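The lines below spell out each chain.
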Amino acid sequence: MKVDPAVQARLLDLAETDAELGRIEHRRRNLPELEALSELETTLRERRDAVIKAETALSDLDADSARQEKDIDSVRAREERDRKLLDSGLPGKQQTDLEHELETLHRRQSALEDDLLELMERREAVEADVKHSQAQLTATEEDIGKANERRDTALEELDTKQARRDEDREQLLGELPAELVTLYEKVRAQRGIGAAMLRAKRCGACRLELDRTALAELRDAAADQVCRCEECGAILVRTKESGL
């Protein structure tokens with residue numbers, strides 16, 4: 001393929017534009033903002049679980065307290081009934097049995113009230129855990145909102161850069177011969193880099209120094225001959241820096 005050397009040199013601009021587009025895409029996939037957001041979302045799930053766990057524990061304590069209060073009310077009602085019977089006057093043995101039952105009920109009530117007090121103290125601590133967990137969750141949700149804004153800003157900047165480079169690429173493609181573009185695109189699809197400068201006897205695509213035979217062939221090739229690297233297949237653009 002024969003192409004004017006100045007036109008071949010424009011391939012370097014195209015290759016640099018494609019390299020920049022590749023860097024933009026790589027940055028898009030590896031944005032620090034995305035990693036930070038992912039970590040925050042993990043924290044969010046953990047803190048939501050913590051809130052649910054604390055609220056469940058609080059609900060269980062409320063249920064236990066309600067049962068305890070019901071038991072206390074039941075004992076008090078039984079005690080009140082027994083006292084009324086005792087005050088009404090009963091035969092000796094029945095009175096003795098009733099007094100013994102009242103003592104038992106009193107001990108039972110005291111134990112239940114102690115248990116209830118312990119439940120109330122535990123509830124106070126768990127309620128503090130709920131408030132703390134909810135505060136942490138709220139703070140994480142706010143952090144995620146800010147992280148989303150930073151991610152969106154970074155993506156908008158990348159979109160702007162990509163749009164400019166896409167325009168540059170379209171313009172370059174319009175200036176280059178279709179046959180040369182076809183070859184360039186084919187090589188780029190296979191090797192990742194379609195064209196590179198030959199600088200100081202070294203291919204700019206694979207970074208390997210060419211041997212004497214390859215250099216001799218490049219030196220003898222016509223200036224408008226489209227040449228390729230024998231190692232990686234990239235189109236080699238020869239310049240004064242090629243070392244031929």
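Before reading further, recall that the structure is shown in the block above.
Residues numbered from 1 in each chain as written. Predicted model: local features only at pLDDT ≥ 70, side-chain atom pairs only at ≥ 80, totals over all residues. Heavy atoms only, no water.

**Here's the deal with the layout of surface pockets**
- Put simply, the largest pocket is a space of about 340 Å³.
- Forming the boundary of the largest pocket are 17 residues, of which A15, E16, A19, I193 and A195 lie nearest the centre.
- Of all elements in the fold, only α1 (5–29), α4 (178–191) and β1 (195–199) reach the threshold of two or more residues within the lining of the largest pocket.
- The greatest single-element share of the lining of the largest pocket, amounting to five residues, is contributed by α1.
- Tallied by class, the residues present in the lining of the largest pocket amount to nine nonpolar, three polar and five charged. (1 Å grid on protein atoms, 1.4 Å probe; cavity = no way out; pocket = protein on both sides within 12 Å on 5 of 7 lines; lining within 4 Å. Points joined across faces, edges and corners; volume = space filled by probe spheres on them. Helix = DSSP H or I, 4+ residues; strand = E, 2+ residues; numbered from the N terminus. Nonpolar A, V, L, I, M, F, W, Y, C, P; charged D, E, K, R; others polar.)

**Here we look at the packing of helix α2 (residues 32–88) against helix α3 (residues 92–175)**
- Two elements in contact, α2 and α3, have axes whose closest approach is 6 Å; the angle formed by their N-to-C orientations is 165°. Here α2 is positioned roughly antiparallel relative to α3, judged by the angle of their axes. Between α2 and α3 lies a crossing whose hand is left-handed.
- Taken together, the residues that form the contact of α2 with α3 break down as 26 nonpolar, ten polar and 28 charged. (Axes fitted to C-alpha atoms, helices over the stretch in contact; angles between N-to-C directions. Parallel < 35°, antiparallel > 145°, perpendicular 65-115°, else oblique. Left-handed = near helix turned anticlockwise from the far one by under 90°.)

**Here we look at α1**
- Look at α1: 37 Å from first C-alpha to last across 25 residues, which is about the 36 Å you get at 1.5 Å a residue.
- Within α1 the residues assigned to the buried category are Q8, L11, L12, L14, A15, T17, D18, E20, L21, I24 and R28.
- The backbone nitrogen of A6 has a side-chain oxygen 2.8 Å away, supplied by the residue at the start of α1, namely D4. (Expected span 1.5 Å × (residues − 1). Buried < 20%, exposed > 50% of the residue type's maximum accessible area, 1.4 Å probe, protein only. Polar contact = N/O pair within 3.5 Å; in protein donor to acceptor, adjacent residues only side chain to side chain.)

**Quick look at the pairing of β1**
- Within β1, four of the five residues are buried, leaving the element largely enclosed by the surrounding structure.
- In this structure, β1 lies alongside strand β4 (residues 235–238), joined through four bridges in parallel fashion. Its bridge partner lying in β4, A195 is registered against I235.
- Between β1 and strand β2 (residues 202–203), which pair antiparallel and follow one another directly, the connecting turn spans two residues, one of which, A200, has a positive phi of 50°. (Pairing = 2+ DSSP bridges.)

**Describing the sheet that holds strand β3 (residues 227–228)**
- Across the sheet, four strands lie side by side as β2-β1-β4-β3; this open sheet has mixed pairing. At either margin of the open sheet sits one strand with a lone partner, and together these are β2 and β3.
- Docked against the sheet, α1 engages β1 and β4, running at close to 120° with respect to β4.
- Sheet strands in contact with α4 are β1, β3 and β4, and its direction is about 120° off that of β4. (Contact = heavy atoms within 4.5 Å.)

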